[in-house]
Amino acid sequence: MDSFTFNKIAGAVLSALLVIFGGGTLIGELYPDGKGKDFKEIQIVEVAAVEEAPKAEAAPAEAAPIAQLLASASVETGENAFKRCSACHSVNKGGANGIGPNLYGVVGRPLGAVEGFSYSGALKEKGGAWDYEALNGFLLNPKGWAPGTKMAFGGIRRDDERAAVIAYLRSLADEPQPLPTQ
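Residues numbered from 1 in each chain as written. Predicted model: local features only at pLDDT ≥ 70, side-chain atom pairs only at ≥ 80, totals over all residues. Heavy atoms only, no water.

### Re the packing of aromatic side chains
Argument step 1. All chains considered together, the criterion is met by five aromatic pairs.
Argument step 2. Arranged with centres 5.4 Å apart and planes meeting at 50 degrees, the rings of Phe82 and Tyr168 form a pair that is tilted. With Phe82 in the loop between α3 (75–81) and α4 (121–126) and Tyr168 in helix α7 (residues 159–171), this pair connects stretches of sequence that are 86 residues apart. Residues Phe82 and Tyr168 agree in their burial class; the two are buried.
Argument step 3. Ring centres of Trp130 and Trp145 lie 5.5 Å apart, and the angle between their planes is 25 degrees; on these two criteria the pair is classed as stacked. Of the two residues, Trp130 sits in the loop between α4 and α5 (132–140) while Trp145 sits in helix α6 (residues 142–145), which places them 15 residues apart along the sequence. Across this residue pair, the class does not change: Trp130 and Trp145 are buried.
Argument step 4. Taken together, Trp130, Phe138 and Trp145 form an aromatic cluster joined through their ring pairs.
Argument step 5. Above the ring of Trp145, the side-chain terminus of Lys126 is found at 4.3 Å from the ring centroid. (Phe/Tyr/Trp six-rings, centres within 6.5 Å; stacked < 30°, edge-to-face > 60°. Helix = DSSP H or I, 4+ residues; strand = E, 2+ residues; numbered from the N terminus. Buried < 20%, exposed > 50% of the residue type's maximum accessible area, 1.4 Å probe, protein only. Lys NZ or Arg CZ within 6 Å of the ring centre and 35° of its normal.)

### Notes on the nonpolar core
Argument step 1. In terms of nonpolar packing, the biggest core is built from 33 residues, with Phe82, Leu123, Trp130, Trp145 and Leu169 touching the most fellow members.
Argument step 2. Mapped onto this core, the elements with two or more residues apiece are α2 (66–71), α4, α5 and α7.
Argument step 3. Looking at which element gives the most residues to this core, the answer is α7, with six residues.
Argument step 4. When neighbours within four sequence positions are excluded, Leu123 is seen to be in contact with Leu111, Trp130, Phe138, Trp145, Ala146 and Thr149. (Core = buried A, V, L, I, M, F, W, Y, C linked by side-chain atoms within 4.5 Å. Contact = heavy atoms within 4.5 Å.)

### Things to note about the side chain of Ser90
Argument step 1. Take Ser90: it is sitting in the loop between α3 and α4.
Argument step 2. Only 2.9 Å separates the side chain of Ser90 from the side chain of Asn102, close enough to count as a polar contact.
Argument step 3. Not counting residues within four places of it along the chain, the set of residues in contact with Ser90 comprises Gly95, Ala96, Pro101, Asn102, Leu103 and Tyr104. (Polar contact = N/O pair within 3.5 Å; in protein donor to acceptor, adjacent residues only side chain to side chain.)

Rendered as structure tokens:
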């Protein structure tokens, strides 16, 4: 083995050790007393949503009528689309809040009503309930529907996907709310 190969191997080993021990030191500096490991102790910080690049067609200014959309919405498609939401929201009956509130039984529930979750002033002041129209508007554009909301998600632009997610959320209840009739 020539010296150049030896130097590359030694450099790789030293770099790996630097990452391993440097990372441990950095984590020790960020959490000196071991806190931060319990999910409930993480502080929620409002983060500006990253805007997606404009698509070929412009996003609708208003949500399409939800009664028409729900008539053909698939709960299974909504469950699949909801997977990205599960990073912040749980949907188990009696489940814990995450970064966002638990969404079991959300359809028909008053805004800001989950015990133990700290809602933004925007949702507390909005009032009302999470009916189909409210969910449709919020999921289309959370920051536009409730300016000042803590939810950093940019929204679901596709009508069929948004309706499927609402249909899935409707199914997560002991007694699902009746579908709108128009």
